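As a plain string of letters, each chain reads:
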Protein chains: 2
Amino acid sequence: MAALAVTPIGHLETPWSTPGDCPRNGRQPDPAPECRAVVVPAFRDGLLGLEGFSHLILLYWMHRAPTPALRFTPPFDREERGIFATRAPFRPNPVALSVVRFHGFAAPGVLRVTNLDCASGTPLLDIKPYLPTTDAEPEASLGWLAPHATPRVKGSAG
Amino acid sequence: MAALAVTPIGHLETPWSTPGDCPRNGRQPDPAPECRAVVVPAFRDGLLGLEGFSHLILLYWMHRAPTPALRFTPPFDREERGIFATRAPFRPNPVALSVVRFHGFAAPGVLRVTNLDCASGTPLLDIKPYLPTTDAEPEASLGWLAPHATPRVKGSAG
């Protein structure tokens, strides 16, 4: 199949300068540091009406991910797993998603968010409103990750 | 910023042949029809360990979306909204995500899923395990969409 092209609409600013500095997931740091999603001027018209959503889904390009691998052994596990059974960055298409809490705009096109876990400078591809009616499955089972689940930071949903 | 390339890892099979036939979201049809996510052989090694997750996140390319628009007036609303405050397909990067229920494999590389809402033949970009610890925000507020929320089909989380 032919390749398809995506174009960054901006970038993410976080406290972590390299992938090695990043937390395991965006809900691990307590308190969660404030991050920024910066949308370039050409795409800012698309942000109208974003106020009022408490949570957003950010899609971003893991530009510093290693070469893709279809199988690997996670550092906290002993069995080989398929990449699609993990959230590891070195995927065939290195597009990540984070469900973040949205705290409003710091300036035009500059979103204040928490619960990101990527390196600063990561290219941003899309912003979507988080819809609990279709996106929240709090009872979902964790498969092989169940014994390795990170505890949810208290109050991170609030 | 330079364009980045994504490559389909397979495609989605649904009962809907055109975007116009599709439900408003994947939790609207009751009962939800079974759909298929078909991964091409070259990427099937990445599926190891997917069993045991009750829900997955599928990223796919809305290949039949109209030309992107940064603002539009949704059909069920009267106010103009920014594309990033909606889940409409005609986005700068037409990458959609659906949280689907995973019912196991119909054949090697062929996943049985429910709660998709896209046209059949849609290119599949990624499969991720759904992690309630980071992805579920059942109390998230719906912003301008609150008065238009589709009722959740009973038991769809189960």
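Going by the structure above, here's the rest.
Please read these numbers as outputs of a predicted model, since none were measured by experiment.

Now for the pairing of strand β9 (residues 123–129) of chain B. Residue and element names in this part refer to chain B. Across the seven residues that make up β9, a large majority, seven, are buried. Relative to β9, strand β4 (residues 55–61) runs antiparallel, the two being bridged by five bridges. From the neighbouring strand, I57 faces β9, where its bridge partner is K128.

Before going further, it helps to examine the sheet that holds strand β7 (residues 95–107) of chain B. If you trace the six strands once around the closed barrel, you get β2-β3-β8-β7-β4-β9 (chain B), paired in antiparallel fashion. Between one strand axis and the next, the sheet turns through 45° on average, direction left out of account.

A word on the interface of chain A and chain B. Contact residues are listed per partner, giving 71 residues for chain A and 71 residues for chain B. For the pair chain A and chain B, the summed buried surface comes to about 6800 Å²; carbon and sulfur atoms form 61% of the total. The largest per-residue losses of area from chain A upon contact with chain B belong to L4, F84 and E137 of chain A, which jointly make up 12% of the total buried on that side. Taken together, the links from chain A to chain B amount to eight salt bridges. For D126 of chain A, the salt bridge goes to R91 of chain B, with nearest N and O atoms at 2.8 Å. Note: strand β1 (residues 4–6) of chain A against strand β1 (residues 4–6) of chain B, three bridges, orientation antiparallel. Looking at the pairing, A5 of chain A lines up with A5 of chain B of β1 of chain B.

Rules used throughout
Residues numbered from 1 in each chain as written. Chains lettered and ligands numbered in written order. Predicted model: local features only at pLDDT ≥ 70, side-chain atom pairs only at ≥ 80, totals over all residues. Heavy atoms only, no water. Buried < 20%, exposed > 50% of the residue type's maximum accessible area, 1.4 Å probe, protein only. Helix = DSSP H or I, 4+ residues; strand = E, 2+ residues; numbered from the N terminus. Pairing = 2+ DSSP bridges. Axes fitted to C-alpha atoms, helices over the stretch in contact; angles between N-to-C directions. Contact = heavy atoms within 4.5 Å. Buried area = accessible area lost by both parts, 1.4 Å probe. Salt bridge = Lys/Arg side-chain N within 4 Å of Asp/Glu carboxyl O.

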